[in-house]
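# Observations on chain architecture
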Amino acid sequence: MIRWRTLALLSVLAALTACNKDKAAEPPAELVDIKQTLPVERIWSTSVGGGGEKLRLALGLAAADDVLYAASRKGEVRALDAANGRTRWDADVKVELAAGPAAGEGLVVVGTSSGTVIALEAADGKERWRAKLSGEVLAAPLVAGGRVIVRTVDGRLRALEAADGKEAWMVEDLVPRLTLRGTSPPVRAGDVVFCGFDTGRVMAVSIPTGDILWQAQVSTPRGRSELERLADIDAAVRVAGDEVYAVGYQGRIAMIARDSGQIWWTRDLSSYRDIGMDEGQLYVATSDGDVVAMRRRDGGVAWQQAGLKRRGLGAPVLHGGAVVVGDFDGYLHWLDRETGRFVARERPGSTRFATTPIVIGDRLFVIDDGGEITAFRAGDGSGR
């Protein structure tokens, strides 16, 4: 256990050193005035508390049946009415949290840096069970097929029984000596779970049996130093029909066949944030702060917006017919899907947006590193 915590700490220090050197050489891009052509309305806001801006780790938002779920570093888990932000219930799990919540099948699940997974009843927040795992939980779990599936930093993907938390199966991958601080969250499509690993590999695993169906090498470690060889897939894999999309740090973005794991196309790209997607394009916030739109069919670049370089971007999502992405300074930027031009900007707070926003219909829900949750409505109401 000490070994993994040491490696995680080294990862943080290495990443911070690299970032600090970059910042000394080139500061974050300054925002320019824009002509706002997309109407954006702030609907409501509330807070679950941050417990330290840099300590929220993978504490984001989850949604099920028009209810939002959020958690604080200090152990508070809250259910909110998505329409107005009013609290439906509060629970205190009395441990510091690092990841989640995840919601589904009547459960709300959170994880800790010490490897504890806690399942609460979605109806009232009462605890159903808690389980102790061997590694830190730094990505939201997945509730699917009667299982709670958890990725831990020790390279393991585990399925726990949703009823009682007992382990159903476990698969694992190698862990490099140096990795980024974080892990890829498991994603479901049918009865298969897809997940990225620190080796640059994507794995498809049967939810009922734990059988590995295929593995695909998306990013290959390159370079002489351990830092140069970082190739983690920390972003969530995206699945659409027969297509799987994955992106790695200092690596590539790839389109993979869902049934076989065959790689259909790849492009050099570096990102550790989740991919946005619509019917024709992918949207990626690169590790140096560009927002790139790529054609799903062949990976060709449709446009690239460089006006947010080095602003520590979060994951892009589709909202109000536009692409929205948050930055390290608390700004949200809406970009035109066809051209990448800025069409709106809001600043609900002054702290970073690091986790992926939630979109329900025409409403966007974001949580910043201070634990402030804000709901927006934008555009034509289509929520595309």
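A brief look at the structure comes next. (Residues numbered from 1 in each chain as written. Predicted model: local features only at pLDDT ≥ 70, side-chain atom pairs only at ≥ 80, totals over all residues. Heavy atoms only, no water.)

A few words on the overall build of the chain. Per the secondary structure count, the chain includes 1 helix and 33 strands. Expressed as a percentage of its 384 residues, the buried residues of the chain come to 57%. Long-range contacts, defined here as pairs at least 24 residues apart, represent 49% of the contacts in the chain between residues at least 6 apart. When the accessible surface of the chain is summed, it comes to about 15,700 Å², and 47% of that surface belongs to carbon and sulfur atoms. (Helix = DSSP H or I, 4+ residues; strand = E, 2+ residues; numbered from the N terminus. Buried < 20%, exposed > 50% of the residue type's maximum accessible area, 1.4 Å probe, protein only. Contact = heavy atoms within 4.5 Å. Areas by Shrake-Rupley, 256 points an atom, 1.4 Å probe, with all protein chains shown as cover.)

Right, let's talk about the pattern of salt bridges for a bit. One pass over the structure, following the stated rule, counts 26 salt bridges. Between D298 and R297 there is a salt bridge whose closest N-O contact spans 4.0 Å. For D298, a relative accessible area of 25% gives the class partly exposed. Shared partners join several salt bridges into a network, and the residues in it are E41, D362 and R377. (Salt bridge = Lys/Arg side-chain N within 4 Å of Asp/Glu carboxyl O.)

Here we have 4 strands laid out as an open sheet, ordered 1-33-32-31, and antiparallel in their pairing. The sheet is open, and its two borders are formed by strand 1 (40-47) and strand 31 (358-360), each paired with just one other strand. Strand after strand, the sheet turns through a mean of 20 degrees between neighbouring axes, direction not considered. Bridge count for strand 32 (residues 363-367) against strand 33 (residues 372-378) is 5 bridges, and the pairing is antiparallel. Bridge pairing in strand 33 links R363 to R377. (Pairing = 2+ DSSP bridges. Axes fitted to C-alpha atoms, helices over the stretch in contact; angles between N-to-C directions.)

Once that is clear, we can look at the side chain of R363. With respect to the helices and strands, the residue R363 is situated in strand 32. Residue class for R363 comes out buried when judged on its relative accessible area of 15%. Of note is the side chain of R363, whose polar atom sits 3.0 Å from the side chain of D66. Dropping the residues within four chain positions of it, R363 is found in contact with I43, D66, A82, A83, H319, I358 and F376. (Polar contact = N/O pair within 3.5 Å; in protein donor to acceptor, adjacent residues only side chain to side chain.)

We now examine unusual backbone geometry. Omega for the peptide link from G100 to P101 comes to 0 degrees, which places this bond in the cis form. If you trace the backbone, P101 turns up in strand 7 (residues 99-104). For E105, which is not glycine, the phi torsion reads 55 degrees and is therefore positive. Along the polypeptide, E105 turns up in the loop between strand 7 and strand 8 (107-111).

This part covers the pairing of strand 30 (residues 342-346). Of all the 5 residues making up strand 30, 5 are buried; the element is thus mostly covered by neighbouring parts of the structure. Bridging between strand 29 (residues 332-336) and strand 30 involves 4 bridges; their strand directions are antiparallel. Across the sheet, the residue bridging to W334 is A344, located in strand 30. Here strand 29 folds back onto strand 30, and the loop between the two strands holds 5 residues, one of which, G340, carries a positive phi near 85 degrees.

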